[in-house]
Amino acid sequence: MAGLFVSGAVLLAIEQSASSEQFGYLLLASLPAFLGGITEDVTKNVGPLTRLLLTMLAAAFGVWLLGAVIPRLDIPGFDTLLKWAPFAIAFTMFAVGGVANSINIIDGYNGLAAGHAVIVLAAMAYVSALVGDAFLFTSALAMIGALLGFLAWNYPKGKIFLGDGGAYLLGFWLAELSVLLVARHPEVSPWFPMLLLVYPIFETLFSMYRRKFVQGQSPGQPDRMHMHQVIYMRLARARADASDPASMTRLNSLVAPYGWLIAFVCALPAVIFWRETRWLVTASIIFCVAYSLLYRQMLKPSRPV
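No experiment lies behind these values; they were computed from the predicted model shown.

### Side note on the overall build of the protein
Across its full length, the protein holds 13 helices and zero strands. Shown N-terminal to C-terminal, the secondary structure of the protein runs as helices and strands in the order α-α-α-α-α-α-α-α-α-α-α-α-α. Taken against the 2.2 N^0.38 rule, which gives 19 Å for 305 residues, the C-alpha radius of gyration of the protein at 19 Å falls within 12% of a compact globule. Along the longest, intermediate and shortest principal axes, the C-alpha atoms of the protein span 60 × 45 × 40 Å. When each of the 305 residues of the protein is scored for burial, the buried share is 48%. Partitioning the intrachain contacts of the protein with sequence separation of at least 6 by distance along the chain shows that 73% fall at a separation of at least 24.

### Brief notes about helix α13 (residues 277-299)
With 23 residues, α13 should reach 33 Å at 1.5 Å per residue; the first-to-last C-alpha distance of 33 Å fits that figure. Every buried residue of α13 is listed here: Thr277, Leu280, Ala283, Ser284, Phe287, Tyr291, Tyr295 and Met298.

### Structural notes on unusual backbone geometry
Residue Pro156 is bonded to the preceding Tyr155 through a cis peptide linkage, with omega at 10°. When you line up the elements, Pro156 lands in the loop between α7 (134-154) and α8 (163-184). The phi torsion at Lys44 lies on the positive side, around 55°, for a residue other than glycine. Inspection of the secondary structure puts Lys44 in the loop between α2 (18-43) and α3 (48-66). Within the chain, Asp74 stands out as a residue other than glycine whose phi angle is a positive 55°. Its location among the elements puts Asp74 in the loop between α3 and α4 (78-82).

### Looking at the nonpolar core
As a rule of thumb, soluble globular proteins bury nonpolar side chains together. Ranked by internal contacts, the top residues of the largest apolar core, which has 85 residues, are Leu121, Trp173 and Phe192. Top element by residues in this core is helix α6 (residues 112-130). It accounts for eleven residues. With near-sequence residues (within four places) excluded, Phe192 lies in contact with Ala123, Met124, Val127, Leu181, Ala270, Val271, Trp274 and Leu280.

### Side note on the side chain of Ser207
Within the secondary structure, Ser207 sits in helix α10 (residues 198-214). A distance of 3.3 Å separates polar atoms of two side chains, one belonging to Ser207 and the other to Arg210.

### Considering the pattern of salt bridges
Using the criterion set out here, one finds three salt bridges in the structure. Where Asp74 meets Arg72, a salt bridge forms, and the shortest distance between an N and an O atom there is 3.5 Å.

### As for the packing of helix α5 (residues 85-106) against α8
Interaxial distance between α5 and α8 falls to 7 Å at its minimum, and their mutual angle equals 135°. The pairing of α5 with α8 is recorded here as oblique in orientation. α8 is crossed by α5, and the crossing has right-handed handedness. Contacts between α5 and α8 pair Thr92, Val96, Val99, Ala100, Asn101, Ile103 and Asn104 from the former with Asp164, Ala167, Tyr168, Leu170, Gly171, Phe172, Leu174, Ala175, Glu176 and Val179 from the latter. Looking at side-chain class alone, the contact of α5 with α8 contains eleven nonpolar, four polar and two charged residues.

### Examining α7
Over its 21 residues, α7 runs 30 Å from end to end, which matches the ideal 30 Å to within 8%, given 1.5 Å per residue. Contact partners of the buried residues in α7: α1 (2-14), α2, α3, α6 and α8. Its side-chain oxygen at 3.3 Å from the backbone nitrogen of Phe135, Asp133 defines the N-terminal cap of α7.

### Points about the packing of aromatic side chains
Inspection of the entire model under this criterion finds 15 aromatic pairs. On the numbers, 5.0 Å between centres and 20° between planes, the contact of Tyr109 with Tyr232 is stacked. With Tyr109 in the loop between α5 and α6 and Tyr232 in helix α11 (residues 227-237), this pair connects stretches of sequence that are 123 residues apart. Their ring planes at 35° and their centres at 5.5 Å tell us that Tyr209 and Phe213 sit as a pair that is tilted.

### Re the environment of Ser7
Examined against the element boundaries, Ser7 turns out to sit in helix α1. Put simply, Ser7 and Ala146 are 139 residues apart on the chain and 8.9 Å apart in space, counted from C-alpha to C-alpha. If sequence neighbours within four positions are ignored, Ser7 has contacts with Phe23 and Ala142.

### Re the environment of Ala59
For Ala59, the location among the structural elements is in helix α3. For Ala59, a relative accessible area of 0% puts it in the buried group. With 33 residues separating them along the chain, Ala59 and Thr92 place their C-alpha atoms 7.3 Å apart.

What counts, and where the lines are drawn
- Residues numbered from 1 in each chain as written.
- Predicted model: local features only at pLDDT ≥ 70, side-chain atom pairs only at ≥ 80, totals over all residues.
- Heavy atoms only, no water.
- Helix = DSSP H or I, 4+ residues; strand = E, 2+ residues; numbered from the N terminus.
- Rg over C-alpha atoms; globule rule 2.2 N^0.38 Å.
- Buried < 20%, exposed > 50% of the residue type's maximum accessible area, 1.4 Å probe, protein only.
- Contact = heavy atoms within 4.5 Å.
- Expected span 1.5 Å × (residues − 1).
- Core = buried A, V, L, I, M, F, W, Y, C linked by side-chain atoms within 4.5 Å.
- Polar contact = N/O pair within 3.5 Å; in protein donor to acceptor, adjacent residues only side chain to side chain.
- Salt bridge = Lys/Arg side-chain N within 4 Å of Asp/Glu carboxyl O.
- Axes fitted to C-alpha atoms, helices over the stretch in contact; angles between N-to-C directions.
- Parallel < 35°, antiparallel > 145°, perpendicular 65-115°, else oblique.
- Left-handed = near helix turned anticlockwise from the far one by under 90°.
- Nonpolar A, V, L, I, M, F, W, Y, C, P; charged D, E, K, R; others polar.
- Phe/Tyr/Trp six-rings, centres within 6.5 Å; stacked < 30°, edge-to-face > 60°.

See the structure below:
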């Protein structure tokens, strides 16, 4: 958050423009999401529902200050509903809160969520440059810079962590840039940001399904069976010294590159087909199927060498 405020101050010092003003509005809108998360980090007294509602409030500020409302999803019938402003605003608030929560879910190992976000933001910056949107381009680069500064301390040794404050701020920023990119530029398919963020979104939905229909538990019940945790367990089985603290830290750092690879695999077709909904939808479906099959394979006992 400090890095973003520095970026905002630099923008104001360089020039008084619409981009710098809009960046300030985006920062202002993000405060409820950040403050809810950072308060939980300090007090351990802010429940997940409260954090979700505060992030949705941040999305409401985005609607008010920046006009950040999802205009379409290229889904027949649903797009008709989105033409009704109250529904579109409510859906936007729900979607932004959901994305922020999904980023918090994948924030499980050193560098995982932050590195994933750097790749996503780089793709958003690229398309923002193509459509000539200086505000969104600058906003994506500002968060990339903040994350790279964070990653210098977080990866690989985990000297600092995102926490709920960082995760919800990052999730809100990603979601809000996604909404604004589609709302401000009709040529950008709404499935462009969807494919970029399909990993955390599907991870969340898959976890809810697994808990409810496979384990018979509440969808909101936490567990240690997310994809990144399954990857960690597979890596730990192959290391005899996994219980040693230094080895555990090294093992922790090995998980993130798998998440980065997932992000890159999704970002590549996204930046190629950023206009083409049918190809982006196809790639998203392929990812979900591949994720499900890989998850099932990862749970199988490893064969002895």
